[in-house]
Amino acid sequence: MFRLMPKLSVSRIWNAVKVFSSYYYSKAFSIPAHRGLPVALSIEPTTSCNLRCPECPSGLRSFSRPTGMLDENFFREIIDQVSDHVLYLTFYFQGEPFLNPAFTNMLAYASSKKIFTATSTNAHYLDDATARKVVESGLDKLIISIDGTSQETYEQYRIGGSIEKVLEGSKRVVEWKRKLKSKTPHLIFQFLVLKHNEHETGKVKRIADAIGVDDVVFKTAQVYDYENGNQLVPSNEKYSRYRKNKDGTWKIKNKLLNHCWKMWHSCVITWDGKIVPCCFDKDAAHVMGDLKEKNLSEIWNHDSYRQFRSAILQNRSEIDICKNCTEGTKVLG
């Protein structure tokens, strides 16, 4: 919250007040009332990825929606349209963002509008020049996926990846922060805890400290086939999204309550301008609108969005993208 303070403006604060109040009213009375516009956005730089992670649509090359790269001019148009009310930009959805050749330019443009910017990367493209551009862009938060501390462990999930590249890229960012006397980006190691790497949670903290990484976050893994167990689910229940039933089947630990903060404060924009409700809609099955046809305000307040919010308030468990939702499943290191 402290790092968000410099990004606040009167228009953004007033918009946030409207969004918060309408969410809590809707939650209390199960009525999809909505005032204000998104406080946060996720924008997809690309669907392309260099790795082949087994539970990821990008890695599996399994999208049914179109794939491609976000156009820089289109991105600037989006930012110009939303900068009065958007406080937080997650510049990531599917794919490896640094594969988009204009990515650091787009980061710099969003930062110039005083929007808090965050992204997530597998860190394979953080060469010296790119690491410097990342720091110079004004990026506020950089999440680096590091799902193992040895090559043997790392490559079991990050198929085709190199732990050495991850560590070297991380060191370059830390070094450029030092050289440029920059406090940003706040650098986070994100460790996806799986059965084959859960024994390395202690070691990744020591590596992070040695490099100069600011934080370590342990994230629980989303798997698609979990009802009869899955070899990726860790033994330590603290790091699992799922719990074993007495009959041997598995279920999600979180209760699906009939409300969702994300439906009131944020949305996701795919590389080609489609608006989808949240990051669990990886294949864009629930398109709320197209930014190439309408502006965000029109889409945000359209009947289709109101109907989706109403369905969330009435029976969220019946919505397909909600069934594997486990918001709040990150644990600080």
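Residues numbered from 1 in each chain as written. Predicted model: local features only at pLDDT ≥ 70, side-chain atom pairs only at ≥ 80, totals over all residues. Heavy atoms only, no water.

*Asks:* In this structure, what is going on with the packing of helix α5 (residues 128–137) against helix α7 (residues 163–179)? I would like to understand it.
*Replies:* To describe two helices that pack against each other, one gives the angle between their axes and the distance between the axes. Following both chains from N to C, one finds α5 and α7 inclined at 50°, their axes separated by 9 Å at the closest point. Classed by the angle they form, the pair α5 and α7 counts as oblique. You can see that α5 and α7 cross each other, and the crossing is right-handed. The residues of α7 that touch α5, namely those facing Asp128, Ala131, Arg132 and Val135, are Arg172, Val173, Trp176 and Lys177. Residue classes in the contact of α5 with α7 are distributed as four nonpolar, no polar and four charged. (Axes fitted to C-alpha atoms, helices over the stretch in contact; angles between N-to-C directions. Helix = DSSP H or I, 4+ residues; strand = E, 2+ residues; numbered from the N terminus. Parallel < 35°, antiparallel > 145°, perpendicular 65-115°, else oblique. Left-handed = near helix turned anticlockwise from the far one by under 90°. Contact = heavy atoms within 4.5 Å. Nonpolar A, V, L, I, M, F, W, Y, C, P; charged D, E, K, R; others polar.)

*Asks:* Explanation requested: the packing of aromatic side chains in the structure shown.
*Replies:* We describe a pair of aromatic rings using the distance from one ring centre to the other and the angle between the two ring planes. For the coordinates displayed, the defined rule picks out 12 aromatic pairs. For the ring pair Phe91 and Phe103, a centre distance of 4.8 Å and an interplane angle of 35° mean the geometry is tilted. Placement of the pair is Phe91 in the loop between β2 (88–90) and α4 (103–112) and Phe103 in helix α4, with a sequence separation of 12 residues. Overall, Phe91 belongs to the buried group, its relative accessible area being 0%. What links up through ring pairs into an aromatic cluster is the set Phe20, Tyr23, Tyr24, Trp261 and Trp264. We note Lys179 situated over the ring of Trp176; from NZ or CZ to the ring centre the distance is 4.6 Å. (Phe/Tyr/Trp six-rings, centres within 6.5 Å; stacked < 30°, edge-to-face > 60°. Buried < 20%, exposed > 50% of the residue type's maximum accessible area, 1.4 Å probe, protein only. Lys NZ or Arg CZ within 6 Å of the ring centre and 35° of its normal.)

*Asks:* Help me out: how do you make sense of unusual backbone geometry in this one?
*Replies:* Most peptide bonds adopt trans geometry, and most residues besides glycine take a negative phi value. The residue after Thr184, namely Pro185, is reached through a cis peptide bond having omega 5°. Phi at Lys114 takes a positive value of approximately 60°, unusual for a residue other than glycine. Following the sequence through the fold, Lys114 ends up in the loop between α4 and β3 (116–121). A residue is classified by how much of its surface remains accessible, and Lys114, at 55% relative accessible area, is exposed. Even without glycine at this site, Ala284 takes up a positive phi of about 50°. Structurally, Ala284 is set in the loop between β10 (274–276) and β11 (289–290).

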